[in-house]
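Observations on chain architecture
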Amino acid sequence: MTIMEPRKHGDASDGMIGGRQSRFEGGMKVTGSATYALEYPVERLAHAVLVQSTIPAGRVVKVDTAMALAAPGVLTVLTPEDDLGLMTAVDWYGNRPENQPYFPLPREVRFNGQAIVAVVAESREQAAEAAKLVSVTYEETPAIASMDDPNAGAGKVMDNLTAGWGDAEAALAAAPIKVEGEYRTPREYHVAMEPHGLTVKWDGDQLTVWEPSQWSHGMARTYSEWFGIPYENVQLISPFIGGGFGSKGGALAYGAVAAFAARKLGRPVKLAVTRAQNFTSYGGRAATRQTIKLGATEDGILQAIVHRGVSETSTYADWPEQTGAATPILYKVENFSSQHRVVPVNTVTPGALRGPGKNPSSFGIESAIEELAYKIGMDPLEIRLKNYADHDYQSGKPWSTRRLREALIEGAEAFGWSRRSHAPRSMRDGRQLIGWGVGCGTFPVIQAPSEALIRILANGRVEVVSGAIDMGQGTYTILAQTAADIFGVSIDQVDVRLGDSRLPGSAIAGGSMLAGSIMGAVHKAATAARDELIGLALNDANSPFRDTGANTLNFSDGRVSAPRGEGPSLTLAELMARLKRAEIEIRRNTLPEGASAQDHHQAWTTLSKVMGPTMGDYSMHSWCAHFAEVRVDEDFGTVRVSRMVSAFDCGRLYNPRLVESQWRGGIIMGIGQALLEEGLVDMRNGRTVNNNMGDYLVPTNSDIPDIQVISVGVPDYNASALGGKGVGEVGIVGVAPAIANAVFHATGKRIRDLPITLDKLI
Ligand code: MCN
Ligand code: MOS
């Protein structure tokens, strides 16, 4: 790319940190030259197709494979009868049960849509055809379809999610103003554009896996542990991913099945999970329900928050969708009590979906605070500012940075909030009722170690190498910018290699933690490589800088020169030639000095070295305020979001163009959550009814209005080495309540149950 302007202080050009460089790999993705996991040209490929259970609970008694095996092209059929000889892998934190076998095709059926059989054939079509001929006999047992099932029970309390201070019940009882509401969110799904699947190949005991991944090292570890082979024997390759949103962080049962089949057949295997199968091959966002009671003074000062939440989990693992995740930190409150339970039902274990916990949690608290505002006749913006939290009341720690007040004020200004009339149904445009609503969001700063390698080549190119992932959020681009910045070269001179477990270790592309982590490592490695080059240039007998008397060198405009512009000026290639160097290679990580090899392995392949937002001296989070305008058709009840303005504090932005795109993407998902998305469960058999993109609705372009995004952040050097906070998830948090609040303003109807569909309004 061309550098648009000379570099000035605080005015970074596109290719530098803080510049608006467009996506480094964008052209490859849109022209089809980016190769995805299922597109690798591997010879002698066999194709696996999954058969999923059709009952919600019970046991596979018998699988009749005779007809499938006799079908054309079929190579093998795997069933619960087969002992695949696999071992259970570690959990996210590195804990591993001793000698625990792993059955990716289990005999026990825990949910409808569980993989129980795999058919492998010469072609995908043959495998799919033969899969229809597999006949499964079940012994069915009673099932709980969802937490609304009368037999579901109250579930179990998650002690680690219980929070409290002051005396919330007493303060609530004594408060002159009280509001109480129950807020619900349905099952939601990632529906990334690229469905799941993998291509897998063995060379002896070396396993190569091409699989879309948010975490190449963590997934490689899982494969190595399943198959009892050294970690180094697995290579997980994932340079391009068509979206993950939390669904591609871990290896899944079908991956074990495909890898086993490949080993058994002595041939590479490809397994494409169908769109329908994607709905049950891993978990989406759990359905949630939460009750919030607020106590306040007559002039709207919060006295107490009592929160009780519950989410669905599976019968075999606890995944809490933490309804109390945002509740304690959005407002100043001296008396607080929160509890979260999980209710086991016959579903695949739910998982992380963009903004896990914070997202449904903000729907609760941001709706409730608005109900309080209306009860006392106060402007919803004013009540938020009035109860502004000066520090984190939960941890007792100061905020590292929290520009939520600025977000509320600047967002309101840009939106034109002062022109709002308070009463519901007081703004209209013909038959359309107009509503304006606000909602706040937050997401924690999560820190993790990372590693990176920098190479300066003889031809003057700079390489950045890391196993980190870019699933669309911009990792390639911001790392290229970092190297370009440090070496003072055009971004065209930088190559970035990512997405391979054999490359240096990296944080997961999850929890909005990757950018801060990997930028720190690349910055450190690139600075060290530049220092090494400076050292050589000042001391090497062949260097033109040797006799300049300089003690450092400048790197800018593609040239290396002595300070004050005196003396020689060389390109990187010219300097490398003079130094007779083929390459300078430096590897650096952000682990503490003296970390052991075991520490390294743990750091890249588990989450055991990850730091939460309050583990240091501060409480660190990203913040946002969303302002939504809706238009509700008075006759039909249809809701359209006609305008959004959102202001964010995410600290320093490494690339504002990509950040704005991240924020908009989150907001668009939030609009989908508010108005469209809802996984429907058949209460008779626990089946996911709308397991396709025709019936599981996500927003299209024509559902999305103009979205204005504003940054109010300042660099936060507690949050990360370069001052940025997390960006990828905070955008979705707080959108749904902003829209629900706008719908209330438009219609006078408070919808506490997402999505806001027209049947709930008329
Ligand atoms: N960024 C920046 N300045 C910062 C922080 C981030 O410029 N201070 C920009 C960078 O372009 C960076 C991106 O924002 O690549 C996201 O950074 P970060 O917030 O650290 O998030 P991660 O890199 O860890 O990405 C994961 C995050 C998560 S957890 C989900 S879920 C999500 C998201 O990213 N899924 C996505 N954004 C997604 N975007 C796309 N296109 N596809 C997904 O599946
Ligand atoms: Mo994001 S849900 O943490 O991958």
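Residues numbered from 1 in each chain as written. Chains lettered and ligands numbered in written order. Predicted model: local features only at pLDDT ≥ 70, side-chain atom pairs only at ≥ 80, totals over all residues. Heavy atoms only, no water.

To continue, consider the overall build of the chain. The helix and strand tally for the chain stands at 17 helices and 32 strands. Here the C-alpha radius of gyration of the chain, 27 Å, is about what a compact globule of 762 residues would show, namely 27 Å. For the chain, the spread of C-alpha atoms along the three principal axes comes to 80 × 70 × 50 Å. Taking all 762 residues of the chain together, 60% fall into the buried category. Taking the contacts inside the chain whose residues are at least 6 apart along the sequence as the reference set, 79% of them involve residues at least 24 apart. With the model as given, the accessible surface of the chain reaches about 28500 Å², and the carbon-plus-sulfur share is 50%. Separation of charge centres in the chain, based on 73 positive and 84 negative side chains, amounts to 1 Å. (Helix = DSSP H or I, 4+ residues; strand = E, 2+ residues; numbered from the N terminus. Rg over C-alpha atoms; globule rule 2.2 N^0.38 Å. Buried < 20%, exposed > 50% of the residue type's maximum accessible area, 1.4 Å probe, protein only. Contact = heavy atoms within 4.5 Å. Areas by Shrake-Rupley, 256 points an atom, 1.4 Å probe, with all protein chains shown as cover. Lys, Arg positive; Asp, Glu negative; His and termini not counted. Charge placed at Lys NZ, Arg CZ, Asp CG, Glu CD.)

With domains assigned, the chain is organised as domain 1 (37–142 + 197–211 + 251–272), domain 2 (288–445 + 614–761) and domain 3 (447–605). With both sides pooled, the region where domain 2 packs onto domain 3 buries about 1100 Å², and carbon together with sulfur makes up 60% of that total. Three residues, Tyr654, Leu658 and Leu722, lead the burial of domain 2 against domain 3; their summed loss comes to 44% of the area buried on that side. Counted by class, the side of domain 2 that touches domain 3 contains 9 nonpolar, 6 polar and 1 charged residues. (Domains from an automatic or database assignment. Buried area = accessible area lost by both parts, 1.4 Å probe. Nonpolar A, V, L, I, M, F, W, Y, C, P; charged D, E, K, R; others polar.)

What follows deals with the packing of aromatic side chains. The geometry of an aromatic ring pair is captured by two quantities: the separation of the ring centres and the angle between the planes. Across all of its chains, the model carries 20 aromatic pairs by this definition. Between Tyr102 and Trp226, the aromatic rings sit 5.2 Å apart at their centres with planes inclined by 10°, giving stacked as the arrangement. Remark: Trp226 occurs in helix H5 (residues 216–227) and Tyr102 occurs in strand E5 (residues 101–102); sequence separation between them is 124 residues. Of the two residues, Tyr102 and Trp226, neither departs from the other in class, the shared state being buried. (Phe/Tyr/Trp six-rings, centres within 6.5 Å; stacked < 30°, edge-to-face > 60°.)

Once that is clear, we can look at the site of ligand 1. Of all residues adjacent to ligand 1, which total 31 residues, the nearest are Gly244, Arg652, Gln662, Val727 and Gly728. Between ligand 1 and Gly472 there is a distance of 3.4 Å, counted from a nitrogen atom to a backbone nitrogen or oxygen. Within the backbone of Gln473, an N or O atom sits 2.9 Å from an oxygen atom of ligand 1. When isolated, ligand 1 has an accessible area of 830 Å², and the protein chains bury 96% of it. Examining the composition of the shell around ligand 1, we find that 3 residues originate from one element, helix H15 (residues 656–675), more than from any other. Classifying every residue of the shell around ligand 1 by side-chain character gives 12 nonpolar, 15 polar and 4 charged. Two domains each donate at least three residues to the shell around ligand 1, and these are domain 2 (288–445 + 614–761) and domain 3 (447–605). (Near = heavy atom within 4 Å. Polar contact = N/O pair within 3.5 Å; in protein donor to acceptor, adjacent residues only side chain to side chain.)

What follows deals with the pairing of strand E3 (residues 74–78). Counting buried residues along E3, 4 of its 5 residues qualify, which places the element largely inside the surrounding structure. In this sheet, strand E7 (residues 115–121) lies alongside E3 in antiparallel orientation, the contact comprising 4 bridges. Bridge pairing in E7 places Thr76 opposite Val120. (Pairing = 2+ DSSP bridges.)

In any sheet, the strands associate via hydrogen bonds between backbone groups, in a parallel or an antiparallel arrangement. Sheet architecture is open: 4 strands sit in the order E23-E22-E21-E27, paired in mixed fashion. Of all the strands in the sheet, the pair left with one neighbour each is strand E23 (494–497) and strand E27 (583–589). Each adjacent strand pair in this sheet contributes to an overall mean axis angle of 15°, direction not counted. Pairing of strand E22 (residues 462–465) with E23, which is carried by 4 bridges, proceeds in the parallel orientation. If you follow Glu463 over to E23, its bridge partner there is Asp495. Contacting strand E21 (451–457), E22 and E27, helix H12 (residues 514–539) runs over the sheet at an angle of about 140° to E27. (Axes fitted to C-alpha atoms, helices over the stretch in contact; angles between N-to-C directions.)

In the contact formed by H5 and helix H14 (residues 597–605), the axes pass within 7 Å of each other and the chain directions differ by 105°. Our classification of the angle between H5 and H14 gives roughly perpendicular. Note on element contacts: H14 touches H5 through His601, Gln602, Trp604 and Thr605, opposite His217, Gly218 and Arg221. Across the contact of H5 with H14, the residue classes break down as 1 nonpolar, 5 polar and 1 charged. (Parallel < 35°, antiparallel > 145°, perpendicular 65-115°, else oblique.)

Let us now look at the UniProt feature "domain: Aldehyde oxidase/xanthine dehydrogenase a/b hammerhead" (unreviewed entry) in the chain. Per the UniProt record, the feature "domain: Aldehyde oxidase/xanthine dehydrogenase a/b hammerhead" (unreviewed entry) sits at residues 31–142. Structurally, residues 31–142 comprises 12% helix and 34% strand, and the distance from its first C-alpha atom to its last is 50 Å. (UniProt positions renumbered as here; feature names shortened; annotations may be inferred.)

The next thing to look at is helix H10 (residues 404–415). Residues spaced three or four apart along an α-helix point in a common direction, a consequence of the helix completing one turn every 3.6 residues. Over its 12 residues, H10 runs 16 Å from end to end, which matches the ideal 16 Å to within 8%, given 1.5 Å per residue. All of the buried residues along H10 are Leu404, Ala407, Leu408, Gly411, Ala412 and Phe415. One side of H10 carries all its buried residues, which in axial view fall inside an arc of 120°. Among the residues trailing H10, Gly416 stands out with phi positive, at a value near 85°. (Expected span 1.5 Å × (residues − 1). Arc of directions from axis to C-beta.)

With that settled, the discussion passes to the pattern of salt bridges. Inspection of every chain in the model, using the stated rule, returns 39 salt bridges. The partner of Arg384 in a salt bridge is Glu366, and the shortest N-O contact between them spans 2.8 Å. Here Arg384, found in helix H9 (residues 380–386), pairs with Glu366, found in helix H8 (residues 358–376); they are 18 residues apart in sequence, far enough to count as distant. On the accessibility criterion, Glu366 (0% relative accessible area) is buried. (Salt bridge = Lys/Arg side-chain N within 4 Å of Asp/Glu carboxyl O.)

A few words now on the environment of Arg530. Topologically, Arg530 is positioned in helix H12. Residue Arg530 is classed as partly exposed on the basis of its relative accessible area, which comes to 24%. Between the C-alpha atom of Arg530 and that of Ile586, which follows or precedes it by 56 residues, the distance is 9.4 Å.

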